[in-house]
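Observations on the three-dimensional arrangement
The residues making up each chain are set out below.
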Amino acid sequence: MSELHSRSVRRLALCMRAAVMLCASALCQAGPTTRGGILPEHLKCEWRTNPLGIDAIHPRFSWTLRSIDTNARGAKQTGRQILVADSVRELSESHGNYWDSGKISSAEIFQIEYDGQTLAPASRYYWKVRVWDENDRPSSWSDPAEYTTGLLGPGGWRARWIAATADTPTQQQARENTGTVTKGMNPLPIFRHEFSAAKKIRQALVFVSGLGQYELRINGQNVTRNVLTPGWSNYRKRVFYDTYEVTSLLKPGTNALGVLLGNGMYHVPGIEGRYTKFIGSFGQPKLILQMHLQYEDGTTKVIVSDKSWRTAPGPITFTTIYGGEDYDARREQASWDSPGFRDTSWQPALEVEGPWGALVAEKAPPIQIMHTYEPVKTWQPKTNITVYDLGQNFSGWPEITVSGGRGGIVKLTAGELLDDSGLVTQHSANASPKSENRFSYTLRGGGSETWHPRFTYYGFRYIQVESTSAAGSHADDQPAVISIKGQFVHDSIDTVGTFQTSSTLFGQIHQLINMAVLSNMVSVLTDCPHREKLGWLEQTYLAGPSILLNYDAITLYQKMAEDIQDSQLPDGMVPGIAPEYVAFVDKKGVNTDFRDSAEWGSASILSPWTAYQVYGDKELLASQYKTMGSYAAYLRRKAKHHILAYGLGDWYDIGPSAPGKSQLTGQELTATAIYYQDLTALSKVAAILGESKDAASYAEEAVAVKDAFNAKLFHPENDQYDRGSQTANAMPLALGMVPYGREKAVLENLVDDIRAHGNHVTAGDIGFHYVVRALTDSGRSDVLYDMLSRTDSPSYGYQLARGATALTEAWDTNPDSSQNHFMLGHAEEWFYRGLAGISVDFDRPVEERILIQPVPVGQIESASATYQSVLGEISSAWTHQANSLSLHVKVPAGAVASVEIPASNAASVRESGRTVDQASGIISKHETERGILCVVTAGEYTFGSQL
């Protein structure tokens, strides 16, 4: 064969190979005519749907799977392919010009890290995914999703911080009961700036942060659907900015930007006559803004905040996060936020220093107006005073529509309770007429006017309205209220869980708890929406299961972990609140128990761990690992012979005295038990992150703490811990600290104490979580049923009987305490995990990550729950009649689950009329004390059994 012929043959072979590869690629893109049995849906990037403004250079993708045939079982993903493009056109043609992962053999459906070209700042990207099923058949492509990058670090910022006046020296951290009280404050500043858009705009993005809070307006329109934004943070460490897509609001030619600023948690002054929890400031209100315009011809323009902006005092004459807000509509300047406004009387803005903290894209759910309440009852306890009952205690503000003469004033006093004369009282929030929270509106006159506060909120059910006409005005000019509403303000968080039961009381308790949870979900998990509004940390992990089974709170937990990280002191101590806006120290500057208590600081370890158990997010653990280790080392130094003996203990337990610090349980029991829980969790975290030496060290230390705990606090002669309180016996039971063989006796002591108290709880903020967990895990849901069925004091039922519409701070609804607290809401965990039977835990083996163990108990005839997990929707619904149980469960595509079917005789269990051995989708089974436990594949199952 000649060399020329050989080259020709090789060339022909290469051409044929290329043609075959091209055809194969085309077939891969087009897909076979027979599609797979699953479809990807609910696409998310960085745990969010179509997020605007992410700082991640390698964002992570996730989705869930839907089985096309709802009767099929065993559907799962065996492969995936992700495409990322910078245009819809590219993606629609199945081209991933930024990333084409190719087919990857994998069952993973979340935490899939982007691995394509370097992402540009201030840019939008589109992505989609397809998957292969258990028979290696590809699905069709998902609907496209998108994400928009933020400025990707400090190098992307060209704007300057601006303010109305020159900065003053930065103040030190606020301390409780310190600070100067002044008689008033100056009106809050507003800012404006005009710019020209000379060409047709393809995309306009705004990146903005206004401290403490801001409202952004463009051409007379409010851009910020979100309120009380940006989220609260330690402004010396971290400042959040928001991203808005505003293309539709811009027009060719001149456009105008307008910004209002509020104080928020950034500036908390002490003002005579207005309530405040503390006095402290990070500085004066200021803002930074950067707008990126991309024209259709590909050119760009950047508009930035700088000294060319103009500023003037605005119509908000008073606002603090604790004391309320006053608005004078006479000070409004018409069209100030529109092009063409004459701002010659305005002053140039000043370029000032920023607040030290790094600017980072906001990731937590934004705060929004989520619901509106109308009055259910109205009365006039005094002349010219009207009180409105909105029927529900919630967090938010009133919105009024009024009319009247110019200069008339409408004063609004909101509160949770009424005094004996039917007037609103703020006593439960520690406020009073001499130190009150109030809202007031001064009319501009000339028609109906609608207003609500912008930069503060409150917890209330009742609104007291007093109207006065302007001095010298005719009586007919007195303001008249046309309408009044209450707007429920909290994080715009997705509901992922539902719970229903035949028990009317339990359904009401479920609602009671969740109203308190939502009312205290405002940038952080606050303790109450009025008195303190501080992020007390014990709730983040103790109430974590109750929260996370109802709401998609992963980004909130990421944010709170960063708050903790930013608040940690150099010695490793974690304060009881984060962000730490006020240090709870004594007059000598020494930490009090309110600042340093192991049950609170341990949120640095247990809060991320709780979130991991539900979401399986390893990145959250990795980002907090150093913080966790530093806090464990701090506790090690504080411990004496492995025992911690300080702190608040079982806060608000029920003893002979008024609630407060623990009365029935020693400090050393709760603190040391939590210390042990920290170490066991840290050992698992270290193992997950591949830190095997750390894992072994923490496990060894945990054993030493457990041994010291039992040596000092366990009384083997009567199988009691400490003084035998419910908390004392429940905590070691729930945490696996009881000496082997003594568990049953300690459990009986716990049950006996509950029975001796008439099936009432005595445990407080810390202990009740472990009482619920110990009884649930030990198979004593019958005791929990009896406890939760009580309607006398102390109980949830008693709170309902007293008219509570949100969970109260004290078990007995004491009017001296907050009427909107969720710290005792741990029954919610039992509703899902015990009664309905659903739990998810990524710390368990794969076949047990989804565990369905319903508990028919008492007089309950039915219970059901659904949970939209990161693995997909899980559901459990059972009915109980006579001696028969029917249980319907759903396991999401791609997952397996362990399902325990209660039965008096395992042989009686049927699935869709067939024996367990004959039913499809059941991988394995074994008998338990309660019935039979089956490991099942994805699908829907209907079990029946005899009880």
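Here the structure is a predicted model, which means the values were calculated and not measured. (Residues numbered from 1 in each chain as written. Predicted model: local features only at pLDDT ≥ 70, side-chain atom pairs only at ≥ 80, totals over all residues. Heavy atoms only, no water.)

Here we take up unusual backbone geometry. With an omega dihedral of -5°, the bond running from L211 to G212 counts as a cis peptide bond. Along the polypeptide, G212 turns up in the loop between β14 (201–211) and β15 (213–218). Cis peptide bonds are those with omega within 30 degrees of zero, and the linkage from S793 to P794 qualifies with -5°. Following the sequence through the fold, P794 ends up in the loop between α15 (781–788) and α16 (796–801). In this model, N759 sits at a positive phi of 60°, which is unusual for a non-glycine residue. With relative accessibility at 15%, the residue N759 sits in the buried group. (Helix = DSSP H or I, 4+ residues; strand = E, 2+ residues; numbered from the N terminus. Buried < 20%, exposed > 50% of the residue type's maximum accessible area, 1.4 Å probe, protein only.)

In this section: the packing of aromatic side chains. If you walk through the whole model with that rule in mind, you get 46 aromatic pairs. Residues F61 and W99 carry aromatic rings whose centres are separated by 6.4 Å and whose planes lie at 20° to one another, so their mutual orientation is stacked. Note that F61 is positioned in strand β3 (residues 60–67) and W99 in strand β5 (residues 99–100), a separation of 38 residues in sequence. A single burial state applies to F61 and to W99, both of which are buried. Between F207 and Y241, the aromatic rings sit 6.2 Å apart at their centres with planes inclined by 75°, giving edge-to-face as the arrangement. On the criterion of sequence distance, the pair formed by F207 in strand β14 and Y241 in strand β17 (residues 238–245) is long-range, its members being 34 residues apart. In this structure F207 comes out as buried when scored by relative accessible area, which is 0%. Residue classification places Y241 among the buried positions, given a relative accessible area of 1%. (Phe/Tyr/Trp six-rings, centres within 6.5 Å; stacked < 30°, edge-to-face > 60°.)

Below, the discussion takes up the environment of E436. Here E436 lies in the loop between β35 (424–425) and β36 (438–442). Spatially, the C-alpha atom of E436 lies 8.5 Å from that of T276, the residues being 160 residues apart in sequence. Ignoring sequence-local partners within four residues, the contact set of E436 consists of G273, R274, Y275, G323, K411, T413, Q426 and A431. (Contact = heavy atoms within 4.5 Å.)

Scored by pLDDT, the protein chain comes out at a mean of 94, with 96% of its residues at no less than 70. The low-confidence segment residues 1–33, where pLDDT is below 50, has 10 contacts with residues more than four positions distant or belonging to other chains. (pLDDT = per-residue confidence, 0-100.)

This part takes up the environment of S523. When you line up the elements, S523 lands in the loop between β41 (521–522) and β42 (524–525). The class for S523 is buried, based on a relative accessible area of 6%. When the C-alpha positions of S523 and L556 are compared, they lie 7.6 Å apart, and in sequence the two are 33 residues distant. S523 has contacts with G231, W232, I367, D491, L556 and K559, leaving out every residue within four places of it along the chain. A polar contact of 2.8 Å, which involves the side chain of S523, links it to the backbone nitrogen of W232. (Polar contact = N/O pair within 3.5 Å; in protein donor to acceptor, adjacent residues only side chain to side chain.)

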